[in-house]
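# Breakdown of the fold
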Amino acid sequence: VMTTMIDRVFLLLCVFFVGSYGKRIGIVGGGIGGGATAYYLNMPSMVHRIEIFEKNNYIGGRLMHTVIDGIECEVGGDAWSSVNTYMMEIMKDLGIPISNNSYDGNGKTGFYEGNGIWYNPKRDLVDEAKLLVQIGLFRARLADNYAVRQKSGPFKTVDEFTHDGGLDTYTQTSTSDFMSEHAISGLFTWADILPLTSIIYDQGLSINAFAGIVSVLPSVTDAYTVQGGNSQIVEAMIAFTGAGQYLNSTVTEIARQQDGYYLTVNGDPQGPYDDVVIATPIEFLNASFVNISMAPITPREFVEWHVTLVSASSLNPSYFGMPAGSTVPDLVVATGNSTAPFAVINPMLKAPSGNTIYKIFSNSDISSLISSIFVGVRASYVHAWPFTFPRLDVVAPGHYQPIVLADGLYYVNTIESLASAMECSTLAGRNIAQIINGT
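In this text the structure is predicted, and so the values were computed from the model without any measurement.

## Observations concerning the overall build of the protein chain
Along the protein chain, the regular secondary structure elements total 12 helices and 23 strands. The C-alpha extent of the protein chain, read off along each of the three principal axes, is 75 × 50 × 40 Å. Relative to its 439 residues, the protein chain shows a buried fraction of 53%. Here the contacts in the protein chain between residues at least 6 apart in sequence split such that 76% fall between residues at least 24 apart. Accessible area for the protein chain stands at about 18300 Å²; split by element, carbon and sulfur atoms hold 53% of it. Taking the 23 positively charged and 39 negatively charged side chains of the protein chain as two groups, their mean positions are separated by 4 Å.

Printed below as a string of structure tokens:
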């Protein structure tokens, strides 16, 4: 049961007057996983002293927004699905206004192969129906999993999590094999599902079927966002907890002493902490572990993603091999064999100037192509995410990175090996909070 803001104020006042907290907890990473951990740690009746260390100069991690042509626009994770239980609960309980952004530019979608060639897929209603059946079964299994979690408490390994509700049905097979096993044609999988896995994760059909279906969900359910940037979700969660926030703070050492854990932050020791939570990919932590006995952690390969925002009046027909004066679809999706330098061009918002704000995902910086791709460019912005997603190939049971690294030391981001999504990070943070709180 979610606590109300009045409950939270009451608890914090109790701490102020009584002068006592539960535990002192250090969280390394101020993204949605770290924010969710803090949020669930201090509810429903817990008041810990939480300190969050973020190496960047903002809270949000891979959720970040900027202003382009007079309007705020998300640079990181775009949206979550209406079926994401924990995300929807948090929005409601914190009173965060959400938007079902339905702006679609000129309303046209095109599948681009590159070099002026467009692919015109034919709808296959039979395969669409088969896919919708599988999505329905996936949602049912996920609901069963969440019900088990509500009843049985936290999980200590990723394998334990995927076992409940039979989610390992999806995690232990590739997307391509899953679709084939359920008589969904290879052509439909290539034409309709591969573009979505490419847009969402910049990966092909070898990704595990859990991630593959997660890629499809936003196209068949309502998708929500926070106007002005989804990083506001993390900011609100952390503000709710009263946690200390330390930006531009790089953790270079995690050490265990007799009285607890110590973090070396910007060269200075901080502590002692009863528990420490690592809420950033451990592959990029660049911190040493001292006096801590841990099982070996196999590093994962990550995908690098460039996000480009452009304010323009339209796409340029000549770039796409169309006659002058033609209307180019505002939503351009690269096909599986496309030679285009991008995965997708997506109309996001209408700027006060009347221009459309387009969002482009690509593997490299395409700044030099902006004037060729668009007409009437007013502004542009490029952000490179050096570790956007881990490779989401099937991981054999027993080979996921651990959640419990040592007694009192926990790791959020192993869950990303299933699927990198706001709901997954929130679920992982909630789970670790339950482990620490003993609930």
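## A word on the environment of Val220
Structurally, Val220 is set in helix α9 (residues 209-220). Residues Val220 and Gly30, spaced 190 residues apart in sequence, show a C-alpha to C-alpha distance of 31 Å. If we ignore the near neighbours within four places in the chain, the residues touching Val220 are Leu132 and Ile135.

## Description of the packing of helix α4 (residues 125-152) against α9
One can describe the packing of α4 onto α9 by two numbers: an axis separation of 11 Å at closest approach and a directional angle of 110 degrees. By the criterion of interaxial angle, the relationship of α4 to α9 is roughly perpendicular. Within the contact between the two elements, α4 uses Leu131, Leu132, Ile135, Phe138 and Leu142 and α9 uses Phe210, Ile213, Val214, Val216, Leu217 and Val220. Residues belonging to the contact of α4 with α9 are distributed by class as follows: 11 nonpolar, no polar and no charged.

## Digging into the nonpolar core
By size, the foremost hydrophobic cluster in this structure holds 75 residues, and its most contacted members are Ile27 and Phe210. A per-element tally of this core places helix α12 (residues 422-437) first, with eight residues. Once residues lying within four places of it in the same chain are set aside, the contact partners of Phe210 are Phe138, Leu142, Leu167, Tyr170, Thr171, Leu418, Ala419 and Cys424. One finds Ile71, Cys73, Ile199 and Val333 within the second-largest nonpolar core, a separate group that totals 19 residues.

## So, the packing of helix α2 (residues 32-41) against helix α10 (residues 231-241)
Closest axis-to-axis distance for the α2/α10 pair is 8 Å, and the angle between their directions is 30 degrees. One finds that α2 runs roughly parallel with respect to α10. Viewed along their axes, α2 and α10 form a crossing whose handedness is left-handed. Taking contact as the criterion, the partners of Ile32, Gly35, Ala36, Ala38 and Tyr39 in α2 are, on α10, Val234, Met237, Ile238, Phe240 and Thr241. Among the residues making up the contact of α2 with α10, the classes are represented as eight nonpolar, two polar and no charged.

## Concerning unusual backbone geometry
Geometrically, the link from Gly271 to Pro272 is a cis peptide bond, its omega value of 0 degrees lying close to zero. Relative to the elements of secondary structure, Pro272 occurs in strand β12 (residues 268-273). Residue Asp69 is not a glycine yet carries a positive backbone phi of 50 degrees. Relative to the helices and strands, Asp69 is located in the loop between β3 (65-68) and β4 (71-74). Residue Asp69 is classed as buried on the basis of its relative accessible area of 15%.

## Considerations on the pairing of strand β1 (residues 24-28)
In terms of residue burial, β1 counts as a mostly covered element, since five of its five residues are buried. A two-sided burial pattern is seen for β1, the buried positions comprising Arg24, Gly26 and Val28 on one face and Ile25 and Ile27 on the other. Strand direction decides the pairing type here: β1 and strand β2 (residues 49-53), joined by five bridges, are parallel. By the bridge assignment, Val28 is partnered in β2 with Phe53. Note: β1 against strand β13 (residues 275-278), four bridges, orientation parallel. Paired with Ile27 across the two strands is Val277, which belongs to β13.

## What to know about helix α8 (residues 186-201)
For α8, the principal kink sits at Ile193 and spans about 40 degrees; a proline, Pro195, occurs within the next four residues. Buried residues of α8: Phe188, Thr189, Ala191, Ile193, Leu194, Pro195, Thr197, Ser198, Ile199 and Tyr201, and no others. Of the residues one or two after α8, Asp202 is the one with positive phi, at around 55 degrees.

## Quick word on the environment of Phe374
The residue Phe374 is located in strand β20 (residues 374-375) in this model. Not counting the four nearest positions on each side in its chain, Phe374 is found in contact with Val310, Ala312, Ser314, Leu315, Asn316, Ile345, Tyr358 and Ile360.

## Looking at α4
With 28 residues, α4 extends 40 Å between its outermost C-alpha atoms, agreeing within 8% with the 40 Å of an ideal straight helix rising 1.5 Å per residue. By the burial criterion, the buried members of α4 are Asp127, Leu131, Gln134, Ile135, Phe138, Leu142, Asn145, Tyr146 and Arg149. Of the residues flanking the start of α4, the one acting as N-cap is Asp124, its side-chain oxygen 3.1 Å from the backbone nitrogen of Val126. Of the residues flanking the end of α4, it is Gly153, one or two places downstream, whose phi is positive at about 90 degrees.

What counts, and at which threshold
- Residues numbered from 1 in each chain as written.
- Predicted model: local features only at pLDDT ≥ 70, side-chain atom pairs only at ≥ 80, totals over all residues.
- Heavy atoms only, no water.
- Helix = DSSP H or I, 4+ residues; strand = E, 2+ residues; numbered from the N terminus.
- Buried < 20%, exposed > 50% of the residue type's maximum accessible area, 1.4 Å probe, protein only.
- Contact = heavy atoms within 4.5 Å.
- Areas by Shrake-Rupley, 256 points an atom, 1.4 Å probe, with all protein chains shown as cover.
- Lys, Arg positive; Asp, Glu negative; His and termini not counted.
- Charge placed at Lys NZ, Arg CZ, Asp CG, Glu CD.
- Axes fitted to C-alpha atoms, helices over the stretch in contact; angles between N-to-C directions.
- Parallel < 35°, antiparallel > 145°, perpendicular 65-115°, else oblique.
- Nonpolar A, V, L, I, M, F, W, Y, C, P; charged D, E, K, R; others polar.
- Core = buried A, V, L, I, M, F, W, Y, C linked by side-chain atoms within 4.5 Å.
- Left-handed = near helix turned anticlockwise from the far one by under 90°.
- Pairing = 2+ DSSP bridges.
- Bend = angle between axes of the 7 residues up to and from the residue.
- Expected span 1.5 Å × (residues − 1).
- Polar contact = N/O pair within 3.5 Å; in protein donor to acceptor, adjacent residues only side chain to side chain.

Honestly, that's just the spatial picture; any functional story needs more than this.
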